[in-house]
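Here are the chains, one letter per residue:
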Amino acid sequence: MRFSGVRCRFLLLSIRGGMAHRGDGGSAQNGGSCDEGWRAYDPVSGIGGEGALMSASEETSGDGGISSLFSVSGKVAVVTGGSRGIGAMIASGLVRAGCRVYITARKAAECDAKAAELSAFGECVSVPSNLAGPDGIDRLMEVVGAREDRLHILVNNAGAAWGAPLEEYPLDAFDKLWNVNVKALFELTVRCLPLLRKAASVADPGRVVHIGSIDGLTIPATENYAYSTTKAGVHMLTRHLASQLARDPITVNAIAPGPFDSKMMAFVLDDPATRAEVAQRIPLGRIGEPDDVAGAVIYLSSRAGRYVTGTVIPVDGGAAFARASSGR
Ligand SMILES: NC(=O)c1ccc[n+]([C@@H]2O[C@H](COP(=O)([O-])OP(=O)(O)OC[C@H]3O[C@@H](n4cnc5c(N)ncnc54)[C@H](OP(=O)(O)O)[C@@H]3O)[C@@H](O)[C@H]2O)c1
């Protein structure tokens, strides 16, 4: 069924009627009642105010705002672990889509080189730092805070893996992976909240995207016990933070990638025989490509994704459901 523009506008205004929204920069505390940071909509005029669901420019664009549905242009983003692999794929997508992107990694030369490479397509700033180290998050926040008064998108991508046979599995792998995959992700998200809240409105919530894994959804083929456990933790933390931050409003979602080319996956994907085996187990029959994961982050960060929160989205060619239905 198709709605005419007039009918759609009517439905939207009906939905708006009586809603109360927090304006830009509201001091986001839980509570529920209308406080100083909240304003009631005028259901008659509909348009206007920082919390409007459709901006005046969208109203006058002639296409009901559809041309800007997936736009992230002009937004500021942080992508951790953006120097290579999936983080670089995401950073590249966001830079090309018109975001100013800050990338982090421990290896300064690699991080600087990736930022220089991506700067050919837009704005990319390298901030080398060890997020699991004693002052890595301080350093990142110092640089971003000195240059930006608001942050629209945080992509918590940096992560590490560890595989070993069960009885040889080192216990300190749990500490190492917990620190990088979960604790640093949690701390950075909390530290970014003031900047995210400044950018957030009902019309365009702040966005946090965690990179989890299908290994946190289904039982992995490899013996990576601490990895699968921490990634399941990332997915749970996604839902918990989404519930806590929805009123700010900040959305929190996770992407659970299947196999993508990266240093982490080189031990499997660099060998043509095992690569073919892995691809063959994926219903869509191939390894993930940069646009697959960049597209998912852009969707979640755009107007198209503003009503999605607390989800874990597998971007895996169907690998997770195939594993689940085969009992693996
Ligand atoms: N590739 C896949 O198939 C796949 C599948 C599912 C999930 N994932 C997830 O996707 C994310 C990216 O993985 P990837 O495969 O792209 O791995 P990767 O190639 O090893 O890249 C990891 C990135 O994180 C950075 N990093 C690691 N530890 C860090 C730390 N303590 N502080 C700051 N930066 C750090 C690395 O740079 P430095 O080494 O210089 O620090 C690098 O930029 C991870 O969360 C991973 O679990 C990957």
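Residues numbered from 1 in each chain as written. Predicted model: local features only at pLDDT ≥ 70, side-chain atom pairs only at ≥ 80, totals over all residues.

**Things to note about the site of the ligand**
Selection rule: Here, nearness is defined through the C-beta atom: a residue counts as near a molecule or strand if that backbone-placed atom lies within 6 Å of it. Secondary structure elements follow DSSP: runs of H or I no shorter than four residues count as helices, runs of E no shorter than two count as strands, and numbering proceeds from the N terminus. Throughout, the ten residues Ala, Val, Leu, Ile, Met, Phe, Trp, Tyr, Cys and Pro are labelled nonpolar, Asp, Glu, Lys and Arg are labelled charged, and all others, Gly among them, are labelled polar.
Residues in close proximity to the ligand total 31 residues, the closest being Gly81, Gly85, Arg106, Gly159 and Ser262. At three residues, the largest contribution of residues to the shell around the ligand is made by helix H3 (residues 85-96). Class assignment for the residues of the shell around the ligand results in 14 nonpolar, twelve polar and five charged.

**Observations concerning the nonpolar core**
Quick note on the threshold: Linking buried Ala, Val, Leu, Ile, Met, Phe, Trp, Tyr and Cys residues through C-beta atoms within 7 Å yields a set, and such a set is a nonpolar core. Exposure classes come from backbone-placed C-beta atoms, where a residue is buried if 20 or more other C-beta atoms lie within 10 Å of its own, exposed if 12 or fewer do, and partly exposed in between. Remark: residues whose backbone-derived C-beta atoms lie within 7 Å of one another are considered to be in contact.
Ile90, Ala91, Leu94, Val101 and Val297 are the most contacted members of the largest nonpolar core, which totals 70 residues. Of all the elements, helix H6 (residues 172-199) adds the most residues to this core, at ten residues. In contact with Ile90, other than residues within four places in its own chain, are Val79, Val155, Asn157, Val293, Ala294 and Val297.

**Brief notes about the environment of Glu223**
Looking at the element boundaries, Glu223 is found in the loop between strand S7 (206-211) and helix H7 (225-245). For Glu223, a count of 14 C-beta atoms within 10 Å corresponds to the partly exposed category. Considering only alpha carbons, one finds Glu223 and Trp162, 61 residues apart in sequence, at a separation of 8.4 Å. Not counting chain neighbours up to four residues away, the residues in contact with Glu223 comprise Gly163, Ala164, Pro165 and Leu166.

**Examining helix H5 (residues 136-147)**
Note the following rule: Expected span, for any helix, means 1.5 Å times one less than how many residues it has. Working definition: the arc comes from the directions between the helix axis and the C-beta atoms, pointing outward to the latter.
Between its first and last C-alpha atoms H5 spans 17 Å; for twelve residues at 1.5 Å apiece the expected length is 16 Å, and the two agree. Taken together, the buried positions of H5 are occupied by Gly136, Ile137, Leu140 and Val144. Burial along H5 is one-sided: seen end-on, the buried residues are contained in an arc of 90°. Across H5 from its buried face, at more than 90 degrees, point the exposed residues Asp138 and Ala146.

**Details of the packing of H3 against helix H10 (residues 290-301)**
Under the convention used in this document: Each axis is a line fitted through C-alpha atoms, taken for helices only over the stretch in contact, and angles between the N-to-C directions span 0 to 180 degrees. The cut-offs work like this: below 35 degrees is roughly parallel, past 145 is roughly antiparallel, 65 to 115 is roughly perpendicular, and the gaps in between are oblique. Crossing handedness: left-handed means the near helix sits turned counterclockwise from the far one by under a right angle, and right-handed means the same turn made clockwise.
Running from N to C, H3 and H10 cross one another at 60°; their axes reach a closest spacing of 8 Å. Taken together, the axes of H3 and H10 are oblique relative to one another. Where H3 crosses over H10, the two elements pack in a sense that is right-handed. The segment H3 lies against H10, with Ile86, Met89, Ile90, Ser92, Gly93 and Leu94 engaging Pro290, Val293, Ala294, Val297 and Ile298. The residue makeup of the contact of H3 with H10, split by class, is nine nonpolar, two polar and no charged.

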